[in-house]
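A structural walkthrough
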Amino acid sequence: MQEQAQQFIFKVTDKAVEEIKKVAQENNIENPILRIRVVPGGCSGFQYAMGFDDTVEEGDHVFEYDGVKVVIDPFSMPYVNGAELDYVVDFMGGGFTIRNPNATGSCGCGSSFSCG
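In the annotation of UniProt, the entry for the chain reads Protein aq_1857, and the organism field reads Aquifex aeolicus. Listed in UniProt under the heading Sequence similarities, the comment for the chain reads: "Belongs to the HesB/IscA family."

Pasting the structure below:
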């Protein structure tokens, strides 16, 4: 029986793409590559880390949205599979948020999460 490769999904909303492009332009980054990572730590077990990168590494999962590449390393991908990156504005200001169906809990400040 042949093993089937797992399909990974990571969505980025139009608003998030718009904001990524805006930040890239403000920082003179012509071809933005946004790297999203899950790192151990935080009060709930894991934290998200995001930042611009210059390269796509071997094994990275690459998602492209309107000229913006979002890359996720092999360690992080199972933790964010099916998640969505959005940019939200509320009375406290604006910022990026990840809606993650794999997270089973999060801390009060919202900067870390746990997976079951």
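Moving on from the model shown.
**Some points on the overall build of the chain**
The helix and strand tally for the chain stands at two helices and nine strands. Secondary structure elements of the chain occur, N-terminal to C-terminal, as β-α-β-β-β-β-α-β-β-β-β. Evaluated residue by residue, the chain yields a buried proportion of 32% over its 116 residues. Accessible surface computed for the chain: about 7400 Å², of which carbon and sulfur atoms make up 47%.

**Observations regarding the sheet that holds strand S1 (residues 10-12)**
Strand order in the open sheet formed by three strands is S1-S6-S7, and the pairing between neighbours is mixed. Every other strand in the sheet has two partners, leaving S1 and strand S7 (93-99) as the edge strands with one partner each. Direction aside, the axes of adjacent strands within the sheet are offset by 25° on average. Of the pairings in the sheet, the one linking S1 to strand S6 (residues 83-90) comprises three bridges and is parallel in character. Bridged to Val 12 within S6 is Leu 85. Those strands touched by helix H1 (residues 14-26) are S1, S6 and S7, and its axis lies near 75° from that of S6.

**Some points on the nonpolar core**
Core analysis: the largest hydrophobic core is formed by 19 residues, its most contacted members being Phe 10, Val 12, Ile 36, Val 70, Ile 72, Val 80 and Leu 85. Going through the elements one at a time, S1, H1, strand S2 (33-40), strand S5 (68-72), helix H2 (77-80) and S6 are the ones with two or more residues in this core. The contacts of Val 12, once residues within four sequence positions are left out, are Val 17, Ile 20, Tyr 65, Val 70 and Leu 85.

**Section: the packing of aromatic side chains**
Enumeration over the complete set of coordinates arrives at four aromatic pairs. For the pair Phe 10 and Phe 63, a centre-to-centre distance of 6.2 Å together with 45° between the ring planes defines the contact as tilted. In this pair, Phe 10 sits in strand S1 while Phe 63 sits in strand S4 (residues 61-65), placing the two residues 53 residues apart along the sequence. Accessibility expressed as a relative area gives 1% for Phe 10, which makes it buried. Summarising the aromatic geometry, the rings of Tyr 87 and Phe 96 are spaced 5.1 Å apart at their centres and angled 75° between planes, so their arrangement reads as edge-to-face.

**Quick notes on the pattern of salt bridges**
Counted according to the given criterion, the structure contains seven salt bridges. Of the charged contacts, one joins Lys 15 and Glu 19 as a salt bridge, the two residues approaching to 3.6 Å between their closest N and O atoms. Taken together, the residues span about one helical turn, with Lys 15 and Glu 19 both in helix H1 at a distance of four residues. Relative accessible area serves as the criterion here: at 9%, Glu 19 is assigned to the buried category.

About the criteria used
- Residues numbered from 1 in each chain as written.
- Predicted model: local features only at pLDDT ≥ 70, side-chain atom pairs only at ≥ 80, totals over all residues.
- Heavy atoms only, no water.
- UniProt positions renumbered as here; feature names shortened; annotations may be inferred.
- Helix = DSSP H or I, 4+ residues; strand = E, 2+ residues; numbered from the N terminus.
- Buried < 20%, exposed > 50% of the residue type's maximum accessible area, 1.4 Å probe, protein only.
- Areas by Shrake-Rupley, 256 points an atom, 1.4 Å probe, with all protein chains shown as cover.
- Pairing = 2+ DSSP bridges.
- Axes fitted to C-alpha atoms, helices over the stretch in contact; angles between N-to-C directions.
- Contact = heavy atoms within 4.5 Å.
- Core = buried A, V, L, I, M, F, W, Y, C linked by side-chain atoms within 4.5 Å.
- Phe/Tyr/Trp six-rings, centres within 6.5 Å; stacked < 30°, edge-to-face > 60°.
- Salt bridge = Lys/Arg side-chain N within 4 Å of Asp/Glu carboxyl O.

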